[in-house]
Amino acid sequence: MIEYMSKNTSVITKYTLAHFSLTISAILISLILWIPIGVYMTRNKKVANFIFATSNILYCIPSIAMFAILITIPFLGLGRKSAIIALVLYSMMPMTRSVYTGIKNVDKSLIEAVKGMGMNARNIFWEVELPMAVPSIFSGFRIMTIMITSTATLATYIGEKNLGRLISQGLSRSNMEMVATGAILVSIITLLLDFILSKIEDKLSWYNTNAGGE
């Protein structure tokens, strides 16, 4: 495997950068889309029920099936558009649920206290609810990031040239060094991201607990 990597450094680097590019694009779109929707869900029970039901259904669809469905849509087809939309749809459940749970679990007595001090709804959200919900939101972000990073590997079957291509082409050629390279690189990236994000999550939880105590 080391010999294969040394001989194919440029290809591996290209696929790794493409993998990161796809992952980052899907994560950014997911944050922009699902955080505001998660917030709105806390204000509208019907919307919350609809989003939870929809996200649960989408999350149960196998990745390959989701990709296959999307590529049949004319304006999507093979390639990055379908891959990003599939990954964004999968991220709906962890992100919306974490935002919803984080805001809903803010101590009601604290909210009533700041209301009594004359704080309006907008200020309560920005200065109390959102800061207190940050650990929960970041937990959802961590889950979403790991899920997107690993699932993006399967996008190779709809035309994406990322680390998944090393695995798919390696299997078709019975090249185990190629398969191992792709699998190990994806695993290392995923584990490293999980480790870094878990440390940040611990810090946020500690800060939130201590700030709340003060």
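Below, the structure is looked at part by part.

Calculation criteria
- Residues numbered from 1 in each chain as written.
- Predicted model: local features only at pLDDT ≥ 70, side-chain atom pairs only at ≥ 80, totals over all residues.
- Heavy atoms only, no water.
- Patch = residues over 30% accessible without salt bridge, like charges linked within 9 Å, V, L, I, M, F, W, Y side chains within 5 Å.
- Areas by Shrake-Rupley, 256 points an atom, 1.4 Å probe, with all protein chains shown as cover.
- Salt bridge = Lys/Arg side-chain N within 4 Å of Asp/Glu carboxyl O.
- Helix = DSSP H or I, 4+ residues; strand = E, 2+ residues; numbered from the N terminus.
- Phe/Tyr/Trp six-rings, centres within 6.5 Å; stacked < 30°, edge-to-face > 60°.
- Buried < 20%, exposed > 50% of the residue type's maximum accessible area, 1.4 Å probe, protein only.
- Core = buried A, V, L, I, M, F, W, Y, C linked by side-chain atoms within 4.5 Å.
- Arc of directions from axis to C-beta.
- Contact = heavy atoms within 4.5 Å.

Observations regarding a nonpolar patch on the surface
On the surface, Ile 64, Tyr 157, Leu 171 and Met 176 cluster together to form a nonpolar patch covering roughly 420 Å² of accessible area. Mapping Ile 64 onto the fold places it in helix H4 (residues 63-71).

Regarding the packing of aromatic side chains
Under the criterion given, the structure shown has four aromatic pairs. Geometrically, the ring pair formed by Phe 125 and Trp 126 is edge-to-face, given 5.1 Å between the ring centres and 75° between the ring planes. Looking at Trp 126, the relative accessible area reads 53%, which means it is exposed. Relative to Phe 141, the ring of Phe 138 has its centre 5.5 Å away and its plane inclined at 50°; by these criteria the two rings are tilted. Of this pair, Phe 138 and Phe 141 both sit in helix H8 (residues 121-151), separated by three residues, roughly a single helical turn. Looking at Phe 138, the relative accessible area reads 15%, which means it is buried. Given the relative accessible area of 19%, Phe 141 is considered buried.

Describing the nonpolar core
Within the largest apolar cluster, 36 residues are counted, with the highest numbers of intra-cluster contacts made by Leu 22, Met 95, Phe 141 and Ile 148. Looking at this core, the elements with two or more residues in it are helix H2 (9-41), helix H3 (45-60), H4, helix H5 (80-90), helix H6 (92-104) and H8. In terms of residue count, the dominant contributor to this core is H8 (eight residues). Residues Tyr 15, Leu 166, Val 186 and Ile 189 belong to the second largest nonpolar core, which totals nine residues.

Thoughts on H4
For H4, the set of buried residues is Ser 63, Met 66, Phe 67 and Leu 70. All buried residues of H4 project into a common sector of 95° when viewed along the axis, lining one side. Buried residues along H4 sit against H3, H5 and H8.

Purely geometric stuff here, so don't read any function into it on its own.
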